Amino acid sequence: MLRNRLALIMVTALAPAIWGTTYLVTTELLPPGRPLLAAVVRALPAGLLLLLLTRRLPRGVWWWRALVLGALNIGLFFALLFIGAYRLPGGVAATIGAVQPLLVAGLSSGLLGERLSARTAIAAVAGVAGVSLLVLRADARLDAVGIAAAAGGAIVMATGVVLSKRWTSPAPLLATTGWQLVAGGLLLLPVALLVEGPPPAALTPANLTGYAYLAVIGSAVAYSLWFRGIRALSPTHVTFLGLLSPLVATALGWLALGQSLTVAQIVGGLVVLTALVAAQTSRPRRGPAPRNDPEQKLPGQADAPTRDRLIPTP
């Protein structure tokens, strides 16, 4: 049992590790100044690909649930993420985003009945401290709009993670992942066209390679692994794995781009890993059960036909 859980954690951890490569791919392969285009390409083609593979569409309440989850996990999150990235140094944005495990733990207490333990709270604070040592610079400038966007991104993503656990779809995982990616991509598309205009007329092979990587690996694969982990594990445990993204990004900057690595960054990386391990080895305690969701079934309860269940395809 413990071995299976460890394997599941390691597989889920691949998602934030993959997201940690986004900075390298963006700076080395994509055209400059088109972050919203990159966000649309990450979401919409990947979602359409998953829909094509699964041949499943939402039914009943899952039309609006997919829209809400897609907006939180993809559309709003990407938009706020890129606003924060443009108006803040990367270290400031990453440090603010590192509060997400604490937000998820608090929301899980209210919506999922998981008690916030002192160990989890300490690990979350340590994670923020570790990320700040890893990526924050002393001369970092602050911007009110950028700070608000980065904080908003952490809030909407934390809410999306907890709701993804509370609303468990009866459809296959790849289908529900595709629904969210399509919903988020469609929300981002008009914003990207309004802010950045149409895509560049000519894209180089390097640009196409970068966009293909972000769509297939960075979204279709990574988000499927991420949502699979949310289904099987505590959302608090899963969101702590997100601390791997700045760790991987820093390591790739050192290995691939020749960026310097200071003692403070090494210490920060060790603190992040310690916080991550401490969070994964804690057991979530159940508090008073939240209000039952009529769309959910109790553990061990057999699947019953509902209006939202889809007819399996051959």
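Whatever comes next refers back to the structure up there.
Attention in this report is confined to the structure presented alongside it. In this text the structure is predicted, and so the values were computed from the model without any measurement.

## Considerations on the overall build of the protein chain
Helix and strand counts for the protein chain come out as 13 helices and two strands. Considering the protein chain as a whole, with its 314 residues, one finds that 49% of them fall into the buried category. In the protein chain, once contacts between residues fewer than 6 apart in sequence are set aside, the share between residues at least 24 apart is 92%.

## Thoughts on the environment of valine 41
Inspection of the secondary structure assignment puts valine 41 in helix α3 (residues 35-54). Taking the C-alpha atoms as reference points, valine 41 and alanine 215, separated by 174 residues in sequence, lie 6.1 Å from one another.

## Structural notes on the side chain of glutamate 196
Structurally, the position occupied by glutamate 196 is in helix α9 (residues 173-196). Only 3.1 Å separates the side chain of glutamate 196 from the backbone nitrogen of leucine 37, close enough to count as a polar contact. Leaving out residues up to four positions away in the same chain, glutamate 196 has contacts with Gly33, Arg34, Pro35, Leu36 and Leu37.

## Here's the deal with the packing of aromatic side chains
All chains considered together, the criterion is met by six aromatic pairs. Ring geometry for tryptophan 19 and tyrosine 223: centres 4.9 Å apart, planes at 50°, overall tilted. With a gap of 204 residues between them, tryptophan 19 in helix α1 (residues 2-19) and tyrosine 223 in helix α10 (residues 205-232) connect regions that are remote in the sequence. We classify tyrosine 223 as buried; its relative accessible area is 2%. Between phenylalanine 77 and phenylalanine 78, the aromatic rings sit 6.1 Å apart at their centres with planes inclined by 45°, giving tilted as the arrangement. Neither phenylalanine 77 nor phenylalanine 78 differs from the other in exposure class; each is buried. Three or more aromatic residues joined by ring pairs form one cluster here, namely Trp19, Tyr223, Trp226 and Phe227. Seen from the ring of tryptophan 62, arginine 65 lies directly overhead, with NZ or CZ sitting 5.5 Å from the centre.

## Some thoughts on the nonpolar core
Grouped together as the largest cluster of nonpolar side chains are 63 residues, with contacts concentrated most on Phe78, Trp179, Leu181, Tyr223 and Trp226. Counting residues per element, this core draws most heavily on helix α4 (residues 62-87), which supplies nine residues. Val25, Leu30, Val41 and Tyr211 belong to the second-largest nonpolar core, a separate cluster that totals seven residues.

## Structural notes on the side chain of threonine 236
The topology assignment puts threonine 236 in helix α11 (residues 235-240). Excluding its chain neighbours within four sequence positions, the residues that come into contact with threonine 236 are Val104, Ala105, Ser108, Glu114 and Thr120.

## Quick look at the pattern of salt bridges
Inspection of every chain in the model, using the stated rule, returns one salt bridge. Across the pair arginine 34 and glutamate 196 runs a salt bridge whose closest N-O atoms are separated by 3.4 Å. Taken as a pair, arginine 34 in the loop between α2 (22-29) and α3 and glutamate 196 in helix α9 lie far apart in primary sequence, 162 residues in all. The residues arginine 34 and glutamate 196 share a single accessibility class, namely buried.

Analysis parameters
Residues numbered from 1 in each chain as written. Predicted model: local features only at pLDDT ≥ 70, side-chain atom pairs only at ≥ 80, totals over all residues. Heavy atoms only, no water. Helix = DSSP H or I, 4+ residues; strand = E, 2+ residues; numbered from the N terminus. Buried < 20%, exposed > 50% of the residue type's maximum accessible area, 1.4 Å probe, protein only. Contact = heavy atoms within 4.5 Å. Polar contact = N/O pair within 3.5 Å; in protein donor to acceptor, adjacent residues only side chain to side chain. Phe/Tyr/Trp six-rings, centres within 6.5 Å; stacked < 30°, edge-to-face > 60°. Lys NZ or Arg CZ within 6 Å of the ring centre and 35° of its normal. Core = buried A, V, L, I, M, F, W, Y, C linked by side-chain atoms within 4.5 Å. Salt bridge = Lys/Arg side-chain N within 4 Å of Asp/Glu carboxyl O.

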